[in-house]
Amino acid sequence: LTNHARAFLADDVGLGKTVEVLAAAEQLFEKNEIQRVLYVTTVNVKGSVARHILDHTYTDPEQVLMLATRKNAPEMRKTQVRLLVEEERQGSSVDSGSSIKYIIANYDILGRMAKSQPELFARLIGEIDLVIVDEAQLMDNSPTIRSQGM
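Because the structure is predicted, anything quoted here is derived from the model rather than measured. (Residues numbered from 1 in each chain as written. Predicted model: local features only at pLDDT ≥ 70, side-chain atom pairs only at ≥ 80, totals over all residues. Heavy atoms only, no water.)

Colleague: How do you make sense of the overall build of the protein chain when you look at a structure like this?
Modeller: If you tally the helices and strands in the protein chain, you get 6 helices and 5 strands. The linear arrangement of helices and strands in the protein chain, starting from the amino end, is α-β-α-β-α-β-β-α-α-β-α. Within the protein chain, the fraction of its 150 residues that count as buried is 43%. Sequence-distant contacts in the protein chain: of pairs separated by 6 or more residues, those separated by 24 or more amount to 63%. In the form shown here, the protein chain has an accessible surface area of approximately 8600 Å², with 47% of it arising from carbon and sulfur atoms. (Helix = DSSP H or I, 4+ residues; strand = E, 2+ residues; numbered from the N terminus. Buried < 20%, exposed > 50% of the residue type's maximum accessible area, 1.4 Å probe, protein only. Contact = heavy atoms within 4.5 Å. Areas by Shrake-Rupley, 256 points an atom, 1.4 Å probe, with all protein chains shown as cover.)

Listed below in structure tokens is the structure:
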């Protein structure tokens, strides 16, 4: 995974794809080839991804930023990582020079952010060195918010 500019990892459920891509990301961090990762997944998996990052990488909770809605923020706070709540978003959590290594977002929140907060979206995307797209089969070429976010 680390030897190519683009890679695709497909395997059966439960075989460790998340841990494998996080290990690849950590290798790239160690080589100073990347500084920030955007991990895009479904809303119901974001908490699990945060726990995997904290359990399987050399990452402090303050180095993980999860984009959340006000509706799912209480559940996401249990992960102990930083939250950027969509309806309260000021952008300070993604300013240049911050210590964030991983940004976790679901497809739909990225699409909404691209429309409602284009400057923040551009700054967020401009600082990303690696994008991990989980459950990519959920995207299609239709003009849905999910597809537009990607």
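And the narrative resumes.
Colleague: Hey, could you run me through the pattern of salt bridges in this one?
Modeller: Enumeration according to the criterion identifies 2 salt bridges in this entry. For the salt bridge of K101 with E26, the shortest nitrogen-to-oxygen distance reads 3.3 Å. One end of the pair, K101, is in the loop between β3 (82-85) and β4 (102-106); the other, E26, is in helix α1 (residues 17-30), and 75 residues separate them in sequence. Here K101 matches E26 in class, with each residue buried. Notably, a salt bridge pairs R36 with E127, separated by 2.3 Å at the nearest N-O pair. Of this pair, R36 sits in the loop between α1 and β1 (37-41) while E127 is found in the loop between α5 (118-126) and β5 (130-133), placing the two residues 91 residues apart along the sequence. One exposure class covers both R36 and E127, and it is buried. (Salt bridge = Lys/Arg side-chain N within 4 Å of Asp/Glu carboxyl O.)

Colleague: Any chance you could explain the packing of aromatic side chains here in plain terms?
Modeller: Any pair of aromatic rings gets described here by the distance separating the centres and the angle formed by the planes. By the definition in use, this model includes 1 aromatic pair. Where F29 meets Y102, the ring centres are 5.6 Å apart and the plane angle is 65°; that geometry is what we call edge-to-face. Residue F29 is located in helix α1, and its partner Y102 is located in strand β4; the two are separated by 73 residues in the primary sequence. Each member of the pair, F29 together with Y102, is buried. (Phe/Tyr/Trp six-rings, centres within 6.5 Å; stacked < 30°, edge-to-face > 60°.)

Colleague: Explain helix α2 (residues 46-56) here, please?
Modeller: The α-helix advances 3.6 residues per turn, and as a result positions three or four apart in sequence lie on the same side. Within the sequence span of α2, burial applies to K46, G47, V49, A50 and I53. Buried residues of α2, viewed axially, fall in a sector of 160°; they line one side. (Arc of directions from axis to C-beta.)

Colleague: I keep staring at the pairing of β4 and nothing clicks. Help me out?
Modeller: Note on strand geometry: in a regular strand, side chains alternate between the two faces of the sheet. Burial analysis of β4 places 5 of its 5 residues in the buried class, the great majority of the element. Of the two faces of β4, both are covered, the one formed by Y102, I104 and N106 as well as the one formed by I103 and A105. With 5 bridges joining them, β1 and β4 adopt parallel strand pairing. Looking across to β4, one finds that L38 is bridged to I103. When strand β2 (residues 64-68) meets β4, the two strands line up parallel, connected through 3 bridges. Residue pairing in the sheet places M66 in a bridge with I104 of β4. (Pairing = 2+ DSSP bridges.)

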